[in-house]
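If you want the building blocks of each chain, they are given just below.
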Amino acid sequence: MSDHARNDSSAPDHEESTRRYYETSDVDAFYDAVWGGEDIHIGVYAHPQEAIANASHRTVQHAADRIADLLGPDATVLDLGSGYGGSARALAERFGCRVVALDLSEEHNRRHRTANIRHGLDGLIEVVTGSLNHLPYKAEHFDAVWSLEVLCHVTDRDTALAEAVRVLKPGGALVFSDIMAAEETPAPAVRPALSRLGVQSLATPSFYLQSLSRLGLETDFEDRTADLTTHYARLDEEVRRRKPELRRAISPAYLDDLLTNLPLWTDITRRRLLRWGLFHARRTTARTRP
Ligand SMILES: C[S@@+](CC[C@H](N)C(=O)[O-])C[C@H]1O[C@@H](n2cnc3c(N)ncnc32)[C@H](O)[C@@H]1O
């Protein structure tokens with residue numbers, strides 16, 4: 001099920017359906033209430049019953065540890081698909097660095113800016129509405145490019161990675177996580193679970209490693225698939241446990257949809273049909289231009 005380079009003319013349509021997905025009030029209410037309202041990515045769990053929001057925050061700190069040598073008050077990070085802004089605030093708070101946070105969704109960005117003001121971090125974080133497929137930045141501009149659980153929504157991942165690398169300074173780091181298929185997983189085995197998110201296809205770890213190698217980066221992949229299994233088990237448990245409360249924020253139809261769909265995720269993650277982990281790639285030399 002590996003993904004291949006494509007110049008995909010359906011990308012704008014797909015971006016529009018992704019934006020609509022995240023801006024649906026039911027979807028937003030689910031992410032807000034169950035994922036914790038700061039982060040929308042897989043958690044790194046200290047134990048299998050840990051609060052989803054705490055584990056998700058640990059993912060940010062864990063990824064940040066990998067690039068801590070690059071970050072300080074003079075550094076700028078580009079966060080691709082910044083969502084509610086949990087990563088941007090954590091990075092700005094911890095390192096005093098600037099963050100440019102780019103997301104398709106104006107709704108997410110409005111909420112992100114409000115939270116930044118509340119935390120006194122709006123001076124360090126610039127929130128921009130746009131797509132990671134067309135980065136409006138000059139080459140070699142950022143010390144680090146960061147992206148958690150966004151590339152699964154992208155149809156032309158080779159171009160997205162090339163864009164991310166283009167704006168990275170020599171010596172800079174690209175750090176990202178993604179929900180992927182295991183190398184041998186047939187696409188139909190995971191399609192019913194993915195359909196809720198409007199995700200068309202998944203990459204595999206080897207796709208990213210090969211693509212980044214072609215772009216001249218040295219990459220380390222930390223496989224944390226066990227955390228993906230725990231995360232979906234936790235989501236399923238939480239939605240069931242908090243059903244009466246969630247009924248007040250989420251429509252009955254969407255709640256039913258979640259109660260049907262989340263066990264599919266629990267099943268395919270337990271069967272190891274999916275993979276998840278953290279990529280940490282360094283741009284070692286100046287890019288060779290054609
Ligand atoms: C699963 S959420 C992750 C949010 C954030 N990275 C986090 O870890 O909390 C995916 C986010 O990616 C954004 N997104 C999806 N496709 C995008 C694209 N082509 N360009 C920019 N943002 C995109 C969505 O709007 C959404 O906010």
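Residues numbered from 1 in each chain as written. Predicted model: local features only at pLDDT ≥ 70, side-chain atom pairs only at ≥ 80, totals over all residues.

Re the sheet that holds strand E1 (residues 76-80)
Rule in force here: By definition, two strands form a pair when at least two bridges between them are found by DSSP. Working definition: helices are DSSP H or I runs of at least four residues, strands are E runs of at least two. Numbering for both runs from the N terminus. Helix axes use the C-alpha atoms of the stretch in contact, all axes being lines fitted to C-alpha atoms, and the angles between their N-to-C directions lie in the range 0 to 180 degrees. A pair of residues counts as a contact when their C-beta atoms, built from backbone coordinates, are separated by no more than 7 Å.
The mixed open sheet is built from seven strands, whose spatial order is E3-E2-E1-E4-E5-E7-E6. Each having just a single partner strand, strand E3 (125-129) and strand E6 (217-223) make up the two edges of the open sheet. When strand polarity is set aside, the average angle formed by the axes of neighbouring strands in this sheet is 15°. Where strand E4 (residues 142-148) and strand E5 (residues 168-181) come together, six bridges link them in parallel fashion. Bridge pairing in E5 links Val145 to Leu174. Strands E1, E4, E5, E6 and strand E7 (274-283) of the sheet are contacted by helix H6 (residues 157-166), whose axis makes an angle of about 155° with E5. With respect to the sheet, helix H9 (residues 225-241) is in contact with E5, E6 and E7, its orientation differing from that of E7 by roughly 130°.

Some words on the confidence of the model for the protein chain
What counts is decided by this rule: Per-residue confidence from the predictor is reported as pLDDT, a score between 0 and 100.
Predicted confidence across the protein chain gives a mean pLDDT of 94, with 94% of residues reaching 70 or more. Segment residues 1-7: pLDDT under 50, and 17 contacts once partners within four positions in sequence are set aside and those in other chains are kept.

Some thoughts on the pairing of E1
Basically, it comes down to this: Exposure classification rests on a simple neighbour count of other C-beta atoms within 10 Å of a residue's own: a residue reaching 20 or more is buried, one at 12 or fewer is exposed, and one in between is partly exposed. C-beta atoms are placed from the backbone.
Across the five residues of E1, four count as buried, placing the element largely inside the fold. Pairing geometry for E1 and strand E2 (residues 98-103), over five bridges, is parallel. What sits directly across from Val77, in E2, is Val99. Alignment of E1 against E4, held across three bridges, turns out to be parallel. Note on E4: the bridge partner recorded for Asp79 is Trp146.

Comments concerning the packing of helix H3 (residues 52-66) against helix H4 (residues 86-95)
Under the convention used in this document: Orientation categories follow fixed angle ranges, with anything under 35 degrees roughly parallel, anything over 145 roughly antiparallel, 65 to 115 roughly perpendicular, and all other angles oblique. Take the far helix as the reference: if the near one is turned anticlockwise from it by less than a right angle, the crossing is left-handed, and if turned clockwise, right-handed. When residue character is reported, Ala, Val, Leu, Ile, Met, Phe, Trp, Tyr, Cys and Pro are called nonpolar, Asp, Glu, Lys and Arg charged, and the others, Gly included, polar.
Interhelical geometry of H3 versus H4 gives an angle of 50° and a closest axis separation of 10 Å. In this view, H3 runs oblique relative to H4, as classed from their interaxial angle. Where H3 crosses over H4, the two elements pack in a sense that is right-handed. Contact residues: H3 offers Val60, Gln61 and Ala64, while H4 offers Gly86, Ser87, Ala90, Leu91 and Arg94. The residue inventory of the contact of H3 with H4, partitioned by class, reads four nonpolar, three polar and one charged.

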